[in-house]
Amino acid sequence: MPAAAQPNTQQRALPGRLVVLLAVSCGLTVANLYYAQPLLETLRRTFQLQDSTAGLLITLTQLGYAAGMVFLVPLGDRIENSRLVSVLLTVTALAMAAGGLAPTFTVLLVAALVAGATSVVAQVLVPYAADLAPDHLRGAVVGKVMSGLLAGILLSRTVGSLLADVAGWRAVYLVSAALMAILSLVLRRALPRRAPTSTHSYGALLRSTTSLVRVHPRLRRRSCYHACMFAAFSAFWTTISYVLAAAPYNYSQLQIGLFAFVGAAGALVAPLAGRLADRGLAHGLTPVTCLLASAALVWAGLAAHQIVALAAAAILLDCAAQCSLIFGQHIIYQLDAAARARITSVYIATFFIGGAIGSQLGTLAYHWGGWPAVTLTAAAFPVLAALAWTTDRTHASGKRRAADTG
């Protein structure tokens, strides 16, 4: 039986192998949301769909993830985490297997919705890591775990493309189903036990989650900032396969996957973002990440026919998105240590709704006005976040409350 987790008050560092396991688990799980992005052109041809219809697969997957954040992640404060994670991963494995065997696009959509909802395992594990980490290392630990998550987001496109090129798109879903089944068993045995922090009933747990939104304005702010960032991120990555599959590139599925692999370099910024957050710079650097993302998207629009410049823009966008995510998590995890899973559910659900909006608007923009329309639409979202930041007074009030408590 796994050893009991040490109380956080003892300030003991997490074993490096546990941090690696958590990072890999987050990456493998969240990858389920993104395998299909570079496959949209293949799926469109297979099921004889329009571009805008194929894009529904990404939108519904992200909406499923948002629903899982609202209705499943709060259980992380109520149910022992290793058991919750094991059950969710088992359902994910079944859903991904159903997707791989789907006879129609409708069945694939339903499977993607269920897999998206249960792939929230990643967001059970992140607050779990934050709870186990010493206070002075929390940002760094979360940054390392989140680097695995972002690597999963970005490398999933490459892996999906490679598998589809070798064995067809169905193999992508079936291989993922096998990985989820294995991960369910590994985590059930390897994760230290973590006592639940809440004894609320399920209904009371959901109501308390709603009250957290009302009580913590910083949670509302950070959720909205990253929703804008993730909308831009999703619009770019949902539609880039259309650009690369068309003239002048005419890339194969494998080449599209290699482009996504280059973009995965953005994951390398995660540990640095965590250290910057630990130094108290998260709030001040927020508009910098927003404007960097917008500039990268404008550049991507202007450099549509220059692959090196397009790849550089993708890396900058991914770096900005990763920093924004970690800055937000560092701030919200300071709000209520006993409710980190519920706080995470609000934060991630909000920005995945932003991602779903970005995916669908990006697909529609590409259908109506091509790649320039996509990049301009996407670039507007981080600008809105930066403008909202200029009216943010919650940071100063949060510092005053912390000083009074101290």
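Residues numbered from 1 in each chain as written. Predicted model: local features only at pLDDT ≥ 70, side-chain atom pairs only at ≥ 80, totals over all residues. Heavy atoms only, no water.

K.L.:
Please clarify how the overall build of the protein should be interpreted in this entry.
P.N.:
Counting secondary structure elements, the protein contains 17 helices and zero strands. Scaling as 2.2 N^0.38, a compact globule of 406 residues should have a C-alpha radius of gyration of about 22 Å, and the protein matches this with 20 Å. Oriented by its inertia axes, the alpha-carbon framework of the protein measures out at about 60 × 45 × 35 Å. Within the protein, counting contacts between residues at least 6 apart in sequence, those at least 24 apart form 86% of the total. If you sum the accessible surface of the protein, you get close to 15600 Å²; carbon and sulfur atoms cover 68% of it. Side-chain charges in the protein split into 28 positive and 12 negative, and the spacing between the mean points of these groups amounts to 5 Å. (Helix = DSSP H or I, 4+ residues; strand = E, 2+ residues; numbered from the N terminus. Rg over C-alpha atoms; globule rule 2.2 N^0.38 Å. Contact = heavy atoms within 4.5 Å. Areas by Shrake-Rupley, 256 points an atom, 1.4 Å probe, with all protein chains shown as cover. Lys, Arg positive; Asp, Glu negative; His and termini not counted. Charge placed at Lys NZ, Arg CZ, Asp CG, Glu CD.)

K.L.:
Whenever I open this one, the packing of helix H1 (residues 16-30) against helix H7 (residues 121-132) confuses me. Can you help?
P.N.:
Working note: a packed helix pair is described by the angle between its axes plus the distance between those axes. Interhelical geometry of H1 versus H7 gives an angle of 160° and a closest axis separation of 8 Å. One finds that H1 runs roughly antiparallel with respect to H7. The handedness of the crossing between H1 and H7 is left-handed. Contacts from Leu 18, Leu 22, Ser 25, Cys 26 and Thr 29 of H1 reach H7 at Val 121, Ala 122, Leu 125, Val 126, Tyr 128, Ala 129 and Leu 132. Residue composition of the contact of H1 with H7, grouped by class: ten nonpolar, two polar and no charged. (Axes fitted to C-alpha atoms, helices over the stretch in contact; angles between N-to-C directions. Parallel < 35°, antiparallel > 145°, perpendicular 65-115°, else oblique. Left-handed = near helix turned anticlockwise from the far one by under 90°. Nonpolar A, V, L, I, M, F, W, Y, C, P; charged D, E, K, R; others polar.)

K.L.:
Even after reading the chapter, I still don't get the packing of aromatic side chains, so can you show me in this structure?
P.N.:
Aromatic ring pairs: the centre-centre distance and the angle between the two ring planes describe each pair. In total, this model carries 14 aromatic pairs according to the counting rule given. Consider the rings of Phe 47 and Phe 105, whose centres lie 5.7 Å apart with planes at 50°: the pair is tilted. Here Phe 105 lies in helix H6 (residues 105-118) and Phe 47 lies in helix H2 (residues 40-47), a separation of 58 residues in the sequence. Residue classification places Phe 105 among the buried residues on the basis of a relative accessible area of 9%. Arranged with centres 5.3 Å apart and planes meeting at 55°, the rings of Tyr 249 and Tyr 251 form a pair that is tilted. Put simply, the rings of Tyr 65, Phe 230, Phe 233, Tyr 347, Phe 351 and Phe 352 pair up and form one aromatic cluster. (Phe/Tyr/Trp six-rings, centres within 6.5 Å; stacked < 30°, edge-to-face > 60°. Buried < 20%, exposed > 50% of the residue type's maximum accessible area, 1.4 Å probe, protein only.)

K.L.:
Teacher, can you tell me more about helix H8 (residues 138-167) here?
P.N.:
It helps to recall that an α-helix has 3.6 residues per turn; residues three or four apart then point in one direction. Here H8 spans 41 Å end to end across 30 residues, near enough to the 44 Å set by a 1.5 Å rise per residue. Of all the bends in H8, the greatest, near 35°, is centred on Leu 155. Trailing H8 by a residue or two, Gly 168 shows a phi angle of about 95°, which is positive. (Expected span 1.5 Å × (residues − 1). Bend = angle between axes of the 7 residues up to and from the residue.)

K.L.:
Whenever I open this one, a nonpolar patch on the surface confuses me. Can you help?
P.N.:
Taken together, the side chains of Leu 63, Leu 113, Ile 353, Ile 357 and Leu 361 make up a nonpolar region of the molecular surface, amounting to roughly 380 Å² of accessible area. Looking at which element gives the most residues to the nonpolar patch, the answer is helix H16 (residues 340-389), with three residues. Mapped onto the fold, Ile 353 is located in helix H16. (Patch = residues over 30% accessible without salt bridge, like charges linked within 9 Å, V, L, I, M, F, W, Y side chains within 5 Å. Salt bridge = Lys/Arg side-chain N within 4 Å of Asp/Glu carboxyl O.)

K.L.:
Can you help me understand the packing of H8 against helix H13 (residues 270-278) in this one?
P.N.:
One can describe the packing of H8 onto H13 by two numbers: an axis separation of 7 Å at closest approach and a directional angle of 160°. Looking at the two axes, H8 sits roughly antiparallel to H13. Relative to H13, H8 is oriented so that their crossing is right-handed. Taken together, the residues of H13 that come into contact with H8 (itself represented by Arg 138, Gly 139, Ala 140, Gly 143 and Ser 147) are Ala 270, Pro 271, Gly 274 and Asp 278. A per-class count over the contact of H8 with H13 returns three nonpolar, four polar and two charged.

K.L.:
Explain the environment of Lys 144 here, please?
P.N.:
Relative to the helices and strands, Lys 144 resides in helix H8. Sequence separation between Lys 144 and Pro 271 is 127 residues; the distance between their C-alpha atoms is 5.5 Å. Leave out the neighbours within four places in its chain, and Lys 144 touches Val 19 and Ala 23.

K.L.:
Teacher, can you tell me more about unusual backbone geometry here?
P.N.:
In terms of backbone geometry, most residues other than glycine have negative phi values and most peptide bonds are trans. Note that the residue after Ala 247, namely Pro 248, is joined by a cis bond; omega there is 5°. Tracing the sequence through the fold places Pro 248 in the loop between helix H11 (217-245) and helix H12 (253-263). One non-glycine residue, Gln 48, adopts positive backbone phi at about 55°. Positionally, Gln 48 belongs in the loop between H2 and helix H3 (51-54). Here Gln 48 falls in the exposed class, since its relative accessible area comes to 73%. Residues other than glycine seldom take positive phi values, yet Asn 250 does so here, at roughly 55°. Turning to its location among the elements, Asn 250 is positioned in the loop between H11 and H12.

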